[in-house]
Amino acid sequence: MNRIDRVSAILIQLQSRRVVKASDIAERFNISLRTVYRDVKTLEEAGIPIIGEAGVGYSIMDGYRLPPVMFTREEATAFLTAEKFVEKLTDTSTTEHHKSAMYKIRAILKTSEKNLLEEIDGKIEVLKTQSQLRVDHKDHIQTLLNSIAQKKVLTIDYFANHSQEHTKRDIEPIGIFYKDSYWHLIAFCRMRNDYRDFRIDRINHVLVTDTLFNNKHPTLKAYIAQTAMEQELDMVIIRVDKSIYAHLEYQKYYSGFVSEKKVGDQFEMTFLSMSLEGFARWFMMYGDKADIVSPESLKERVITLAAKITQKNLQLSDSY
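Remember, it's a predicted structure, so these values are computed and weren't measured experimentally.

Caption draft 1: Looking closely at the overall build of the protein chain. Check the secondary structure of the protein chain and you find 11 helices and 11 strands. Its C-alpha atoms give the protein chain a radius of gyration of 26 Å, more than 25% over the compact-globule value 20 Å for 320 residues. Its C-alpha atoms give the protein chain principal-axis dimensions of roughly 90 × 55 × 45 Å. For the protein chain, the proportion of its 320 residues judged to be buried stands at 36%. Long-range pairs, those at least 24 residues apart, make up 56% of the contacts in the protein chain with a sequence separation of at least 6.

Caption draft 2: Structural detail: the pairing of strand β4 (residues 165–179). Note that strand β3 (residues 152–160) and β4 share seven bridges and pair antiparallel. By the bridge assignment, Leu154 is partnered in β4 with Ile171. Here eight bridges tie β4 to strand β5 (residues 182–189), and the two strands are oriented antiparallel to one another. The partner of Ile171 across the bridge, within β5, is Cys189. Hairpin geometry of β4 and β5 is characterised by an intervening segment of two residues between the two adjacent antiparallel strands and by a positive phi of about 50° at Asp180.

Caption draft 3: Structural view of helix α2 (residues 22–29). Along α2, the positions that sit buried rather than exposed are Ala22, Ile25, Ala26 and Phe29. With its buried residues spanning 100° around the axis, α2 presents them on a single face. Against α1 (3–16), α3 (33–45) and β2 (57–60) lie the buried residues of α2. Asn30 sits one or two positions beyond α2 and adopts a positive phi of about 55°.

Caption draft 4: Geometry of the packing of aromatic side chains. Taken as a whole, this structure holds 11 aromatic pairs when the rule is applied. Look at Phe283 and Tyr286: their rings are 5.4 Å apart centre to centre, the planes differ by 70°, and that puts the pair in the edge-to-face class. Here the guanidinium or amino end of Lys252 rests over the ring plane of Phe257, the centre of that ring lying 4.2 Å away.

Caption draft 5: The sheet that holds strand β8 (residues 234–241), seen in detail. If you trace the four strands from one edge of the open sheet to the other, you get β9-β10-β8-β11, paired in antiparallel fashion. Only two strands of the sheet have a single neighbouring strand rather than two, namely β9 (257–263) and β11 (290–294). Averaged over all adjacent pairs, the angle separating strand axes in this sheet is 25°, with direction ignored. Pairing of β8 with β11 involves four bridges; the strand directions are antiparallel.

Caption draft 6: Geometry of a nonpolar patch on the surface. A surface patch of nonpolar side chains, about 470 Å² in accessible area, is lined by Leu233, Met235, Val258, Leu272 and Met274. With respect to the secondary-structure elements, Met235 resides in strand β8.

Caption draft 7: Quick peek at the environment of Met285. One can find Met285 in the loop between α10 (276–283) and β11. Relative accessible area serves as the criterion here: at 59%, Met285 is assigned to the exposed category. With 108 residues separating them in the primary sequence, Met285 and Phe177 have C-alpha atoms 32 Å apart.

Caption draft 8: Molecular detail of the packing of helix α4 (residues 73–89) against helix α5 (residues 92–107). Put simply, α4 and α5 touch, their axes get as near as 10 Å, and they point 165° apart. Between α4 and α5, the interaxial angle falls into the category roughly antiparallel. Handedness of the crossing formed by α4 with α5: left-handed. Here Phe79, Leu80, Ala82, Glu83, Val86 and Glu87 of α4 lie close against α5, whose contacting residues are Thr94, Thr95, His98, Lys99, Met102, Ile105 and Arg106.

Caption draft 9: Inspection of the pattern of salt bridges at higher detail. Per the stated rule, a full pass over the model turns up 14 salt bridges. In this structure, Glu45 and Lys41 form a salt bridge, with 3.9 Å as the shortest nitrogen-oxygen distance. Taken together, the positions of Glu45 and Lys41, both in helix α3 and four residues apart, correspond to about one turn of that helix. Residue Glu45 is classed as exposed on the basis of its relative accessible area of 60%. Under the relative-accessibility criterion, Lys41 is labelled partly exposed at 48%. Here the residues in one salt-bridge network are Arg3, Arg6 and Asp39, joined through shared partners.

What counts, and where the lines are drawn
- Residues numbered from 1 in each chain as written.
- Predicted model: local features only at pLDDT ≥ 70, side-chain atom pairs only at ≥ 80, totals over all residues.
- Heavy atoms only, no water.
- Helix = DSSP H or I, 4+ residues; strand = E, 2+ residues; numbered from the N terminus.
- Rg over C-alpha atoms; globule rule 2.2 N^0.38 Å.
- Buried < 20%, exposed > 50% of the residue type's maximum accessible area, 1.4 Å probe, protein only.
- Contact = heavy atoms within 4.5 Å.
- Pairing = 2+ DSSP bridges.
- Arc of directions from axis to C-beta.
- Phe/Tyr/Trp six-rings, centres within 6.5 Å; stacked < 30°, edge-to-face > 60°.
- Lys NZ or Arg CZ within 6 Å of the ring centre and 35° of its normal.
- Axes fitted to C-alpha atoms, helices over the stretch in contact; angles between N-to-C directions.
- Patch = residues over 30% accessible without salt bridge, like charges linked within 9 Å, V, L, I, M, F, W, Y side chains within 5 Å.
- Areas by Shrake-Rupley, 256 points an atom, 1.4 Å probe, with all protein chains shown as cover.
- Salt bridge = Lys/Arg side-chain N within 4 Å of Asp/Glu carboxyl O.
- Parallel < 35°, antiparallel > 145°, perpendicular 65-115°, else oblique.
- Left-handed = near helix turned anticlockwise from the far one by under 90°.

Below is the structure:
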């Protein structure tokens, strides 16, 4: 990217947020902080009223208005691609808001870009696989996001799967994330006095209260990183024959798949498993075409299960 394009992109980045750190600009464009300072100075010399505060970042003075932003062809098609994902992976309100935003984006595009989007609209699709569930998120996502932004306490009716009970909770929402077909809400639960992961499809009703919370909670990214460290995960390494490999393509991700490599006529696959018991039972589905490299405890568990199955079936045969 040449300097003129970079300076223009920095101006757009400054418009996108209330405060932008110099380090964020440097990371985005892979430039030094000294170069960031020089580019910002160029914008100031061009008459852009930029406010810079040491240790905080840059912002554009309130009330200053810039000409409408124009999008490139690549940016326009990226918006269209994102729209396909939003339609399939979020809820009704989020989809409708995104469609409304897309109308506004299309309105300011040049005729050539509008024609491009119309041409390729029917040539991009996001399909759900058999392993990806159809989940009803009950149109809660926008309500949750608004409450997170406003720091409002929520009262939710939640169905706890482990106890099969409906409970009423007052929570302080922190953030949401998507994983394995489901949207999750991370929040501080006042009833449990601790942080909890709530599956959004199990939230039957949401009431936004007028109560604001001032507690300082960890960021969503920090919380996820911390809980991942706290989980006791076992590294599992197996080798599977080429004849069975294709059948594991979709299943492997549900068992903590990390990586794989070719070793002779087999594929060596590495997993981080939350349950060796569960992994042992999954392994037995294709165990005649695979070998366990490690850990030894997994081998022992598979042997034990195989022996029990054999014994049980021998007893059934004798009873007949």
